[in-house]
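Secondary and tertiary structure notes
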Number of protein chains: 2
Amino acid sequence: MSELKQMNHANLQNLHDKAKEAFEAAKKENLSLNMARGKPSPEQLKLSLELLNTVTADNMDDHFSVLNYGMVDGLPEAKELFKELLEVNTEEIIIGGNASLNIMHDLISKALIKGVIDSDRPWGKEDHVKFIAPVPGYDRHFTICEQYDIEMISVDMLEDGPDMDKVEELVRNDASIKGIWCVPKYSNPEGITYSDEVVDRLAKMETKAKDFKIFWDNAYAVHDLTDNPPTLKNMLEACKQADNPNRVFMFASTSKITFPGSGVAAVAASKENIDFINSQLSVQTIGPDKVNQLRHVRFFQNYDNILTHMKKHAEIMKPKFDKVIEILHSKLDSYGIASWTEPEGGYFISLDTMDNCASEVIRLAREAGVTLTGAGAAFPYGQDPRDRNIRIAPSFPSLGEVEKAIDVLCTCIILVSTEKFL
Amino acid sequence: MSELKQMNHANLQNLHDKAKEAFEAAKKENLSLNMARGKPSPEQLKLSLELLNTVTADNMDDHFSVLNYGMVDGLPEAKELFKELLEVNTEEIIIGGNASLNIMHDLISKALIKGVIDSDRPWGKEDHVKFIAPVPGYDRHFTICEQYDIEMISVDMLEDGPDMDKVEELVRNDASIKGIWCVPKYSNPEGITYSDEVVDRLAKMETKAKDFKIFWDNAYAVHDLTDNPPTLKNMLEACKQADNPNRVFMFASTSKITFPGSGVAAVAASKENIDFINSQLSVQTIGPDKVNQLRHVRFFQNYDNILTHMKKHAEIMKPKFDKVIEILHSKLDSYGIASWTEPEGGYFISLDTMDNCASEVIRLAREAGVTLTGAGAAFPYGQDPRDRNIRIAPSFPSLGEVEKAIDVLCTCIILVSTEKFL
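Nothing here was measured: the structure is a model prediction, and the numbers come from that model.

What counts, and where the lines are drawn
Residues numbered from 1 in each chain as written. Chains lettered and ligands numbered in written order. Predicted model: local features only at pLDDT ≥ 70, side-chain atom pairs only at ≥ 80, totals over all residues. Heavy atoms only, no water. Least-squares fit on C-alpha atoms with pLDDT ≥ 70 in both. Contact = heavy atoms within 4.5 Å. Buried area = accessible area lost by both parts, 1.4 Å probe. Salt bridge = Lys/Arg side-chain N within 4 Å of Asp/Glu carboxyl O. Helix = DSSP H or I, 4+ residues; strand = E, 2+ residues; numbered from the N terminus. Nonpolar A, V, L, I, M, F, W, Y, C, P; charged D, E, K, R; others polar. Core = buried A, V, L, I, M, F, W, Y, C linked by side-chain atoms within 4.5 Å. Buried < 20%, exposed > 50% of the residue type's maximum accessible area, 1.4 Å probe, protein only. Disulfide = S-S within 2.5 Å. Domains from an automatic or database assignment. Pairing = 2+ DSSP bridges. Right-handed = clockwise from strand over helix to strand, strands pointing away.

1. With respect to the relation of the copies chain A and chain B
Expressed as a screw transformation, the operator carrying chain A onto chain B has a rotation angle of 180° and an axial translation of 0.0 Å, and the superposed copies differ by an RMSD of 0.0 Å. Between the two chains, the operation in question is that of a two-fold axis.

This is how it looks when you write it as structure tokens:
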């Protein structure tokens, strides 16, 4: 076998015809496989079922204040637990509801209406508001910007985080750039962990907007697949050391630790920022669901138990990641028509086809019963400029289904790629 | 005994001195009684403890979709349950998180940034945005307006709802008036239920702003204290009949049915409005806590059981309301220095002192260890123009504490009132 671009016409045609045949065969199987979203599998959800038994009618007699109004910034015991996950102290954290996305959305909408702690005026009163969007990135971050007419400026992800030369140049010269989205550990979709240097440069860089904010979505903080996971430098500490303590909002949640629908989300920031957020929060709510926070506190008890729990997740996830990588290697390695990441954690594998092939590959896969994340989803406005990125989410299907789905995906990639050369 | 204004100096002085003596005696008791907020008592919270046992590790095996992401607008079974409370169908309802205040806040903030369904432009792009605030009213509604620079125009509450002549005149002539806050059943703090006529006039009235919205906070929909409670006309139906189907957002929650911190909140509106809200909601969240919704579904099963449950709340609440009214009558009736409401449900009793007495009464009561809602809280910007309104929240303290607290309150009212005449 050789790279497609070096293949003669007969061999290309032969490869194409075989792929076509496999594709038609797959279609006849009436598959219905979904690798579109980073959803934990039922097997993973079972790991946390006992959490549902931690709070019962019999053990709440001393906890009526937990059942009642109050504690707008969360249960103190929950702060104690999650401060270790976020590497902050209890004054630097708010424990919220079931979704960190919701907290991020709220912070953006309040910034637009009222401004952040160091704004001269609300972001919504500026002529333009822009955010830096490292690409490929998380579609739901980008959708918030799109919804609120915040212009996104794409910056490429490199091996160790966003292209910092580019980021620094942009924020130094444009006061309308108010923020950047970051998934700093096992980035969505590439699985990249930001290097210490990138963390420090983000913390230190000169920004023309004095109210510039880093939205640090540490969604996969403990979602390691290996025994020696990469470490992420503490961004709040880096910001403090750079004399920009109020620059970062850090987010985490248990959505992919316990239950996606019924987890606990948290935001961490400087005490000054947290006090500011709390003053706004009390306008909006009389308190989060503290009972569910207590369930998490009782289930985990301490941070070490969270790490032990995550190893059980890894035992389920790792074989799926391995299977995807294995099949991609065996089916595509020699052809030079695709490259992919091999993350040590997180929920995704990012695959690049040749230019201008991804949407057709995704369309064909769907025709054969395999749903992948929509083409362009990982880019602002859903536009992948090279139409080559495909996000693979192997968590939800069973191992057998993953194998089948990736097999179909490879067939579609070969089919579309050979057609480009024929 | 006679009215204070007809009392001679000696009798006044005597009354004052006795009140002073009682006040000083109360201070020595080192009381610590809180009637500031509408918090259910521990006894009430116990009524719902079994709810915590309805979802366990053992009975969720068929419900992995409830534990996972999705169902942004709520669990279908929860819609079935709460549609009866809100008197709508399942297409007209969204089941959310633990706080209806949060949903209201979100709708206001999105209206400011994006506009509501029938807006030409975001409310935040208008020169002025105003809301009508029936007074006295709910402080947390007013705080949202204050936070977001929405000017409030006070309109007096009459026996059967806001002064509709005034409301109609205002909204007919001022395009910047975008909405009105209503607590239509057992209003906070007076306990007034809007008459059918008021409901119809609100639904029908001509508004200069075509995107005028009624925020219908039906917080006490089933919180009756009597066997023959007043009925509230269905506002969404009235709006449909008046050809203004998109005029109203109706809110309810189980905060004071099950647990204030861990209940379930809902918003109901026309299907068109609900579709519009859902399209925005999916930007902000991947779904509410459906497990807690399932707990409520399993605990209540049907609407009749909610009503039965509320009778148990009434058995706890009614004696406290009765005690407050009884003491107010026995201590203050003859003096002509205070009037108060005698609600058939809800969480509050509203008391008016003579003009310019309320803040001093509240200050003295606090000095004697009885915390009441802050003076002016029931008015926009915390300013009671006549400084006479005191909100009494008898739910949280025990019956004995209620008795003691109201006794102290009456003492303070007599003390401050006699000083006005002396």
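2. A look at the interface of chain A and chain B
It is common to give the size of an interface as the accessible area lost on bringing the parts into contact. Facing the 59 residues of chain A at the interface are 59 residues of chain B. Carbon and sulfur atoms supply 58% of the area buried between chain A and chain B, which totals about 4,900 Å² over both sides. Across the chain A-chain B interface, the total number found is zero salt bridges. Among the secondary structure elements, those contributing two or more residues to the side of chain A that touches chain B are α2 (42-46), α3 (64-67), α5 (100-114), α6 (139-147), α10 (271-284) and α11 (290-300) of chain A. If one sorts the elements of the side of chain A that touches chain B by residue count, α5 of chain A sits on top with nine residues. Classifying every residue of the side of chain A that touches chain B gives 25 nonpolar, 20 polar and 14 charged.

3. Topic: the nonpolar core
If you look at the biggest cluster of nonpolar residues, it comprises 182 residues, and the most contacted ones within it are Ile392 and Ile406 of chain A together with Ile392 and Ile406 of chain B. Not counting chain neighbours up to four residues away, the residues in contact with isoleucine 406 of chain B comprise Met35, Val324, Ile327, Leu328 and Ile392 of chain B. Counting residues in each nonpolar core, the second largest holds 129 residues, with Leu49, Val171 and Trp216 of chain A together with Leu75 of chain B among its members.

4. Thoughts on the side chain of asparagine 273 of chain B
Residues and elements named next belong to chain B. Within the secondary structure layout, asparagine 273 lies in helix α10 (residues 271-284). Owing to a relative accessible area of 1%, asparagine 273 belongs among the buried residues under this scheme. Look past the residues within four positions of asparagine 273 in its chain and what remains in contact with it is Ile117, Lys213, Asn246, Val248 and Phe249.

5. Notes on the state of the cysteines
In total, this model carries zero disulfides over all chains according to the counting rule given. Looking at cysteine 410 of chain A, it has no disulfide partner, and the nearest cysteine sulfur is the one in cysteine 412 of chain A, 9.2 Å off.

6. A short note on the domain arrangement of chain A
Residue and element names in this part refer to chain A. When cut into domains, chain A gives domain 1 (4-44 + 307-421) and domain 2 (68-301). The gap between the C-alpha centroids of domain 1 and domain 2 is 30 Å. Contact with domain 1, which involves 28 residues of that partner, is made by 33 residues of domain 2. Carbon and sulfur atoms make up 64% of the surface buried where domain 1 meets domain 2, a total of about 2,500 Å² over both sides.

7. Some remarks on the environment of arginine 140 of chain B
Position of arginine 140 of chain B among the secondary structure elements: in helix α6 (residues 139-147). Distance from arginine 140 of chain B to proline 380 of chain B, taken between C-alpha atoms, is 9.9 Å for residues 240 residues apart in sequence. Excluding residues within four positions of it along the chain, arginine 140 of chain B makes contact with Ser282, Thr285 and Ile286 of chain A together with Arg37 and Leu101 of chain B.

8. Things to note about the pattern of salt bridges
Tallying each qualifying case throughout the model produces 58 salt bridges over all chains. The salt bridge involving aspartate 211 of chain A is made with lysine 178 of chain A; its shortest N-O contact spans 2.7 Å. Separated by 33 residues along the polypeptide, aspartate 211 of chain A in the loop between α8 (196-204) and β7 (213-217) and lysine 178 of chain A in strand β6 (residues 177-182) bring together distant segments of the chain. The exposure class assigned to lysine 178 of chain A is buried, which follows from its relative accessible area of 4%. For aspartate 352 of chain B, the salt bridge identified is with arginine 388 of chain B, shortest N-O distance 3.6 Å. Taken as a pair, aspartate 352 of chain B in strand β11 (residues 349-353) and arginine 388 of chain B in the loop between β12 (370-372) and β13 (389-392) lie far apart in primary sequence, 36 residues in all. Classification of arginine 388 of chain B by relative accessible area gives partly exposed; the value is 25%.

9. Things to note about the environment of glycine 263 of chain B
All names here are of chain B. Looking at the secondary structure, you find glycine 263 in the loop between β8 (248-253) and β9 (265-268). It is 9.8 Å that separates the C-alpha atoms of glycine 263 and glycine 96, two residues lying 167 residues apart in sequence. The residues contacting glycine 263, other than those within four sequence positions of it, are Gly97, Asn98, Thr254, Thr258, Asn292 and His296.

10. Looking at α6 of chain A
Residue and element names in this part refer to chain A. Counted residue by residue, α6 has seven buried out of nine residues, so it is predominantly covered. Buried within α6 we find Asp139, Arg140, His141, Phe142, Ile144, Cys145 and Gln147. Downstream of α6 by one or two residues, aspartate 149 has phi in the positive range, about 55°.

11. Brief notes about the pairing of β6 of chain A
For a regular strand, the rule is simple: side chains alternate between the two faces of the sheet. Residues and elements named next belong to chain A. With respect to burial, β6 is a largely interior element, six of its six residues being buried. The pairing of strand β3 (residues 130-135) with β6 spans three bridges and is parallel. Counted as the bridge partner of lysine 130 is isoleucine 177 from β6. You can see the chain leave β6, run along α8 and come back into β7, and the turn it takes is right-handed.

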